[in-house]
Amino acid sequence: MTALAVNRLSKSFGGLLVTASVNLVVEPGERRLIIGPNGAGKTTLFNLITGELRPDRGTVTLFGRDITRTPGWHRVHLGISRTYQIITLFPHDTLVRNVTLSLLGRSRLRWNPVARLDGQAALVGRARAALARVGLEHLADRPLVQTSYGERRRVEIAMALAQEPRVLLLDEPFAGLSLEERRDVLQLVAGIPRDVTIVMIEHDMDVALDFAERITVLHFGQVVVEGTRGEVVAHPRTREIYLGE
Amino acid sequence: MKRLALAAALVLLAALPFWAGGSFYINIASQILLYAIFALGLNVLVGYGGLVSLGHAGLFGIAAYSAARLLAAGHGHLAAIAGALTLALLAAALFAALALRGTGIGFVMITLAIGQIVWGVAYRWISITNGDNGITVGSRPQLFGLSLAAPARFYWATLLVFLVALASMQMLVASPFGASLRGTRDQPRRMAALGYHVWMIRFLAFLFSGFWSGIAGLLFLYYNQFVSPQAVALTASAEVLLMVISGGSGTLLGPVVGAGLVVVVKNVASAYIERWNFVLGAIFVAIVIFMPEGLVPGVVGLWRRATARTPSRDLVGVVEPGKEAGR
């Protein structure tokens, strides 16, 4: 069964067609890279998959289940987690509180108005474990504002991984990182077990090339090229879009 | 140390009728407490939910009017209180369903409109509300067989309810649901992407807020033994909002301090100056300029800066003033 299938998905803002009848089929355990220049509609495609935006036409299917009409918050419980290109975390809370909130999002406990959140040892323990997974356990009790950009990026990934997603969507996880930080994040992403299907957006083709098995090139909202890494890199259209030849 | 201060404050509050010096002051204390409950209820939405309501006097008034009507129809106090709270909760659910179609300024405008509708009904639907003349209530209820007619007794009953309200607020803020609510205030999109049903969280917070507004409305009714359209006017909604903001929204004690400020200025300044609203306005302007986060976070911040002179302690205590004050 396919992990994630997008069928003839379209979305326009006013007169601007941002997603133009996109088809996408991602198999379980696959590592898919979606690349394209600025304004290609990559993030919009993610927003359509996660439910932050409603498509004008087309369907989204998760492990055979049509989720096109499922509200975004509910899709998380069906196994989709994402990170954001522009980091959106809770800056005045500690790292461990940030990850705890992420875990709480998938727990029934989130409706509980009488328990003490700080007293939920199991939940907080899992949050610390998730931070350890991205190598940040030593900063767990530090407020987020006192961490570096690269560290926040890893907190984002820790939050997404903590939710134990079946499909993980990474929106430009390398944007704004130094070369060294990129290597750390790439290593981290490469270490994610195969039971998690990963779809990654990147603007810059070189960075994430090693990671991808299959690559989809998006341009003006359309899928222009799709195939294995070698096929896509060699394709004349890819060269045209990226090098302007 | 903290426990000691808390115990001392409790003893001081409980003994207030003995040291306050007369029923005039005891009554002012009762007013402060009942408005503090109202402000605490509104603070759930404004401070923790990031949703500014300008129609909360509507909920406050619906509870007061309902109880007054039920009492006038010959029902007992218990039935009147239960009926009034049920109606206030139903009204809160309806208000929330309408107002939560928007956030930010949209939410403000819808709550403002609903509040004005309630005021219009109170003012014009004379067969039910008795219009401008209001409704008078014959007696105060009894608590544990004790009459609440005397100012001190009523004060103690109000204090009891106030402490329960305060404890429930503290519990909510520290709970997983409280963390969810604050999350929807700061990053609603992110919270949805983490699996939180943002609308439902806000809806439940509105109900909780409406419940305590209703309780405050009941105390208001029994305190004055009278309710009129003034209780549900826009100025009443604005006043309680100013209590929350001036004291410090999103803190536990801010709304209480704000309620104290407004009630005291109202009662003291009005004895000397006819235009006491002017004094209150000037105070609000000063607060906004010098302590934009409100009195409680502002004073806590000043105190921190004054005590944390040594650099080592400064490093430890790097906390946003507004984040710590309420805990």
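Just so we're clear, the structure is a prediction, and the values are computed from it rather than from any experiment.

Here is what the cut-offs are and how they apply
Residue numbers here run from 1 along each chain, matching the order of that chain's written sequence. Note on labels: chains are lettered from A, ligands numbered from 1, in written order. In view of the model being predicted, local features appear only for residues whose pLDDT reaches at least 70, and side-chain atom pairs are presented and counted only at 80 or more, with totals across whole chains, interfaces and linings using the full set of residues. Each helix corresponds to a stretch of at least 4 residues labelled H or I by DSSP, and each strand to a stretch of at least 2 residues labelled E; elements are numbered beginning at the N terminus. Here the radius of gyration uses the C-alpha set of atoms, whereas the globule reference equals 2.2 Å times the residue count to the power 0.38. Burial is judged by counting the other C-beta atoms within 10 Å of a residue's own C-beta: 20 or more makes it buried, 12 or fewer makes it exposed, and any count in between marks it as partly exposed, with every C-beta position built from the backbone. By definition, residues are in contact whenever their C-beta atoms, placed on the basis of the backbone, come within 7 Å of each other. By the convention used here, strands pair only if DSSP detects at least 2 bridges between them. The angle between two axes is taken between their N-to-C directions and runs from 0 to 180 degrees, where each axis is a line fitted to C-alpha atoms and a helix contributes only its stretch in contact. What counts as a domain boundary in this text is fixed by an automatic or database domain assignment. Nonpolar residues are Ala, Val, Leu, Ile, Met, Phe, Trp, Tyr, Cys and Pro. Charged residues are Asp, Glu, Lys and Arg, and all others, Gly as well, are polar.

Undergrad: How would you explain the overall build of chain A if you had to name every residue and give the values?
TA: Per the secondary structure count, chain A includes nine helices and ten strands. Computed over its C-alpha atoms, the radius of gyration of chain A comes to 18 Å, within 12% of the 18 Å expected for a compact globule of 245 residues. Each principal axis of the C-alpha atoms in chain A carries an extent, and together these give about 55 × 40 × 35 Å. Counting over 245 residues, chain A shows a buried share of 42%. By sequence separation, contacts in chain A at least 24 residues apart represent 67% of the contacts at least 6 residues apart.

Undergrad: Go over the interface of chain B and chain A, please, and point to the residues and values.
TA: With 22 residues of chain B at the interface, the matching set in chain A holds 25 residues. Listed by contribution, the elements that provide at least two residues to the side of chain B that touches chain A are α8 (151–174), α9 (176–186) and α10 (188–193) of chain B. Among the elements that take part in the side of chain B that touches chain A, α9 of chain B stands out by supplying six residues, more than any other.

Undergrad: Help me get a handle on the sheet that holds strand β5 (residues 65–66) of chain A, residues and values and all.
TA: Residue and element names in this part refer to chain A. Ordered by their spatial adjacency, four strands build an open sheet running β2-β1-β4-β5, and the pairing between neighbours is antiparallel. Strands at the two margins of the open sheet, each flanked by one partner only, are β2 (16–26) and β5. When strand β1 (residues 4–13) meets β2, the two strands line up antiparallel, connected through seven bridges. Within the sheet, the bridge partner assigned to Leu9 lies in β2 and is Val22. Docked against the sheet, helix α1 (residues 42–50) engages β1, β2 and β4 (57–62), running at close to 65 degrees with respect to β2.

Undergrad: Explain the domain arrangement of chain A to me, and be specific about the residues and the numbers.
TA: Size of an interface, as often reported, equals the accessible area lost when the parts are brought together. Residue and element names in this part refer to chain A. Here chain A is described as being made up of domain 1 (1–79 + 165–245) and domain 2 (91–163). The centre of domain 1, based on its C-alpha atoms, is set 26 Å off from the matching centre of domain 2. With twelve residues of domain 1 at the interface, the matching set in domain 2 holds eleven residues. Where the side of domain 1 that touches domain 2 is concerned, the elements lending two or more residues are α2 (72–78) and α6 (179–190). The biggest single contributor to the side of domain 1 that touches domain 2 is α6, with three residues. Per-class residue counts for the side of domain 1 that touches domain 2 are eight nonpolar, three polar and one charged.

Undergrad: Requested: an account of the pairing of strand β10 (residues 222–228) of chain A, with residues and values cited.
TA: All names here are of chain A. Pairing geometry for strand β9 (residues 214–219) and β10, over six bridges, is antiparallel. Among the inter-strand pairings, Val217 is bridged to a residue of β10, identified as Val225. The loop that links β9 with its antiparallel partner β10 comprises two residues; one of these, Phe220, has a positive phi angle of about 50 degrees.

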